[in-house]
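Residue-level structural notes
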Amino acid sequence: MNCTKVLQGGTHASTHSNLLLNSTLVLNYEYDRSFTRTAGYEEGLYEAACIGDEEVVRELIERGAMVNFPNMMDGMQSALHAALTRGNLEAAIVLLNNNGDLDQKDEDGLDPLEASRAVGREDMVVAVSLFLANLL
């Protein structure tokens, strides 16, 4: 997946109320919070991390999404890779608070912080460092 926001009719939208999970299921969490496991929570988690929707990230984790699941369609990146490389700190913090793995490598051998640096998101590296310092 490459983090595409869509509406049920398949048209692109800038709203966070709809996330494409696969070709047959759309999460519409503002109107229907009955997520279906058959679509795979991990795809939805990755998608929500991409667009920075921490509410959906939290909801899918609560429903059993595997936080560190590698996305085979996007270089084996985890949801944490996706959130940090796109500058979505709030989603990243939810993932970190739920055992997001900062040591998990993508297919290029980069962990989430290294991947962030590679795309010029040093701000995310600093922010995560500050967040972790407050946890000690």
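Residues numbered from 1 in each chain as written. Predicted model: local features only at pLDDT ≥ 70, side-chain atom pairs only at ≥ 80, totals over all residues. Heavy atoms only, no water.

**What about the side chain of Ser-116?**
Locating Ser-116 in the fold gives a position in helix α5 (residues 112-118). What Ser-116 contacts, discounting residues up to four positions off in sequence, is Leu-84, Thr-85, Arg-121, Glu-122, Met-124 and Val-125. (Helix = DSSP H or I, 4+ residues; strand = E, 2+ residues; numbered from the N terminus. Contact = heavy atoms within 4.5 Å.)

**Regarding the nonpolar core**
Among soluble globular proteins, nonpolar side chains are generally buried collectively. Among the nonpolar cores identified, the biggest contains 28 residues, and Leu-45, Val-57, Ile-61, Leu-80, Leu-84, Leu-95 and Leu-102 are the most heavily contacted of them. Put simply, the parts of the chain that give this core at least two residues each are α1 (41-51), α2 (54-62), α3 (79-85), α4 (89-97) and α6 (122-135). Looking at this core element by element, the count peaks at six residues for α1. Sequence-distant contacts of Ile-61, defined by excluding residues within four places in its chain, comprise Leu-45, Val-67, Val-94, Leu-95 and Asn-98. (Core = buried A, V, L, I, M, F, W, Y, C linked by side-chain atoms within 4.5 Å. Buried < 20%, exposed > 50% of the residue type's maximum accessible area, 1.4 Å probe, protein only.)

**Thoughts on the packing of α2 against α4**
Helices that pack against each other are described as a pair by the angle of their axes relative to one another and the distance between those axes. At a closest axis distance of 8 Å, the pairing of α2 and α4 adopts a crossing angle of 20°. Considering their axes alone, α2 and α4 lie roughly parallel with respect to each other. Where α2 crosses over α4, the handedness of that crossing is right-handed. Judged by residue contacts, Glu-54, Val-57, Arg-58 and Ile-61 of α2 engage Glu-90, Ala-91, Val-94 and Leu-95 from α4. For the contact of α2 with α4, a count of residues per class yields five nonpolar, no polar and three charged. (Axes fitted to C-alpha atoms, helices over the stretch in contact; angles between N-to-C directions. Parallel < 35°, antiparallel > 145°, perpendicular 65-115°, else oblique. Left-handed = near helix turned anticlockwise from the far one by under 90°. Nonpolar A, V, L, I, M, F, W, Y, C, P; charged D, E, K, R; others polar.)

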